[in-house]
Amino acid sequence: MMDNAKTSSFKPPVTVALTGASGAQYGLRLIDVLVSAGHEVWVMISKAAHMVIATETEVTLPAQPDRLAAALSERSGAAAGQIRCFGREDWMAPVASGSGAASAMVICPCSTGTLSAVATGASNNLIERAADVAIKERRTLVMVPRESPFSAIHLEHMLTLSRLGTVILPAAPGFYHRPQSIDDLIDFVVARILNQLRIDHQLMPRWGEDQSSVSKTKDG
Ligand SMILES: Cc1cc2nc3c(=O)[nH]c(=O)nc-3n(C[C@H](O)[C@H](O)[C@H](O)COP(=O)(O)O)c2cc1C
């Protein structure tokens, strides 16, 4: 049984939505690290994101929310009830309302379609509605868009959202930490998301920190 939010012994929930931009690995890694850090994680995965995950990774995920929660839990070693998943039109989910929503939401990766929908308040599916709630309630909302090049439409949407307090954190890893692997590039972006959420991590040193003080563990 996945529903234990009222008696949860986990750290506060973080909502993570994966949409259909390239970079599914960022979102999947973020879920794993949040689980390792002891947070409850509320997950939504768009239909297009399922296609991207199937294209870009070896991960097979079912669409049905309870089965998805079970699959993600097995992947990340989550405790029972630590990961909850919500469907596209599950309007009764806590994220659909200001009274139930988590204090932080991350859309990672964020497609330009979802970017547009959130910027205009469309709320046509639960991901868009949850982001709309986060904005109206002035909660932390981090969006990780990936497109190249960006059009003026994308840039205007990002500016609109940034002015509303949303953190626009592009999936644009740096190279100054001398990445040795794709995992290092993924962790660069995930570390920045965790910084925005004020969640401590050991993924990589902060600028000015002694490199040797950070173990390069893959368990967060
Ligand atoms: C393999 C694949 C890669 C894609 N990459 C991107 C991308 O990097 N950025 C983007 O904005 N859309 C990308 N798309 C297109 C989106 O998935 C599409 O616009 C979709 O409608 C987004 O829906 P969603 O926002 O509900 O997930 C990609 C689609 C596929 C199948």
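Labelled according to an unreviewed UniProt entry, the chain appears under the name Flavin prenyltransferase UbiX, originating from Vreelandella arcis. Taken directly from UniProt, the Catalytic activity (unreviewed entry) text for the chain runs: "dimethylallyl phosphate + FMNH2 = prenylated FMNH2 + phosphate". Recorded in UniProt under Sequence similarities (unreviewed entry), the annotation for the chain is "Belongs to the UbiX/PAD1 family."

J.: For this particular structure, what's the right way to read the overall build of the chain?
T.: Helix and strand counts for the chain come out as seven helices and six strands. In the chain, the order of α-helices and β-strands from amino to carboxyl end is β-α-β-α-α-β-β-α-α-β-α-β-α. Scaling as 2.2 N^0.38, a compact globule of 220 residues should have a C-alpha radius of gyration of about 17 Å, and the chain matches this with 16 Å. With respect to the principal axes defined by its C-alpha atoms, the chain has extents near 45 × 45 × 35 Å. Counted over contacts in the chain with a minimum sequence separation of 6, partners at least 24 positions apart contribute 71%. Summed over all atoms, the accessible surface of the chain reaches about 10,900 Å², with 51% contributed by carbon and sulfur.

J.: What's the story with the site of the ligand in this structure? I'm lost.
T.: Thr19, Gly20, Ala21, Ser22, Ser46, Ala48, Val52, Ser111, Thr112, Thr114, Arg146 and Glu147 make up every residue found near the ligand. For the ligand, whose free accessible area comes to 640 Å², the fraction covered by protein is 66%. Counting residues per element, the ones that place at least two in the shell around the ligand are helix H2 (47–56) and helix H4 (112–119). Along the lines of polarity and charge, the residues of the shell around the ligand split into three nonpolar, seven polar and two charged.

J.: Teacher, can you tell me more about H2 here?
T.: Think of an α-helix as turning once every 3.6 residues; residues three or four places apart then point the same way. Restricting attention to buried positions, one finds in H2 the residues Ala49, His50, Val52 and Ile53. When H2 is viewed along its axis, its buried side chains cluster within an angular range of 165° and face the same direction. Facing away from the buried side of H2, by more than 90 degrees, are the exposed residues Lys47, Met51, Ala54 and Thr55. The elements touched by buried residues of H2 are strand E1 (11–18), helix H1 (24–36), strand E2 (39–45) and helix H3 (65–76).

J.: Could you clarify how one ought to interpret the packing of H4 against helix H5 (residues 126–136) in this entry?
T.: At their nearest, the axes of H4 and H5 sit 9 Å apart, and the two run at 45° to each other. One element, H4, and the other, H5, form an angle in the oblique class. When you trace H4 past H5, the crossing you get is right-handed. Note on element contacts: H5 touches H4 through Ile127, Glu128, Ala131 and Ile135, opposite Thr114, Ala117 and Val118.

J.: It is not clear to me how the environment of Met105 should be interpreted in this structure. Could you clarify?
T.: Note on placement: Met105 falls in strand E4 (residues 104–110). Residue class for Met105 comes out buried when judged on its relative accessible area of 3%. For Met105 and Thr19, which are 86 residues apart along the polypeptide, the C-alpha to C-alpha distance reads 13 Å. Look past the residues within four positions of Met105 in its chain and what remains in contact with it is Thr15, Ala17, Met44, Ile127, Ala130, Ala131, Thr140, Leu141 and Val142.

J.: I tried to follow the packing of aromatic side chains on my own but got confused; where do I start?
T.: Aromatic rings in a pair are described by how distant their centres are and how their planes are angled relative to each other. All chains considered together, the criterion is met by two aromatic pairs. Taking 6.1 Å as the distance between ring centres and 80° as the angle between the ring planes, the aromatic pair formed by Trp42 and Phe86 counts as edge-to-face. Here Trp42 is found in strand E2, whereas its partner Phe86 is found in the loop between strand E3 (83–85) and E4, with 44 residues between them in sequence. Among the residues examined, Trp42 registers a relative accessible area of 4% and is labelled buried. We classify Phe86 as buried; its relative accessible area is 8%. Between the aromatic rings of Tyr176 and Phe188, the centroid separation amounts to 5.6 Å while the plane-to-plane angle is 70°, which identifies the pairing as edge-to-face. On the criterion of sequence distance, the pair formed by Tyr176 in the loop between strand E6 (167–168) and helix H7 (182–196) and Phe188 in helix H7 is long-range, its members being 12 residues apart. Residue Phe188 is classed as buried on the basis of its relative accessible area, which comes to 5%. The ring centre of Phe188 lies 3.9 Å from the NZ or CZ of Arg192, which sits over that ring.

Reading guide: rules and limits
- Residues numbered from 1 in each chain as written.
- Predicted model: local features only at pLDDT ≥ 70, side-chain atom pairs only at ≥ 80, totals over all residues.
- Heavy atoms only, no water.
- UniProt positions renumbered as here; feature names shortened; annotations may be inferred.
- Helix = DSSP H or I, 4+ residues; strand = E, 2+ residues; numbered from the N terminus.
- Rg over C-alpha atoms; globule rule 2.2 N^0.38 Å.
- Contact = heavy atoms within 4.5 Å.
- Areas by Shrake-Rupley, 256 points an atom, 1.4 Å probe, with all protein chains shown as cover.
- Near = heavy atom within 4 Å.
- Nonpolar A, V, L, I, M, F, W, Y, C, P; charged D, E, K, R; others polar.
- Buried < 20%, exposed > 50% of the residue type's maximum accessible area, 1.4 Å probe, protein only.
- Arc of directions from axis to C-beta.
- Axes fitted to C-alpha atoms, helices over the stretch in contact; angles between N-to-C directions.
- Parallel < 35°, antiparallel > 145°, perpendicular 65-115°, else oblique.
- Left-handed = near helix turned anticlockwise from the far one by under 90°.
- Phe/Tyr/Trp six-rings, centres within 6.5 Å; stacked < 30°, edge-to-face > 60°.
- Lys NZ or Arg CZ within 6 Å of the ring centre and 35° of its normal.

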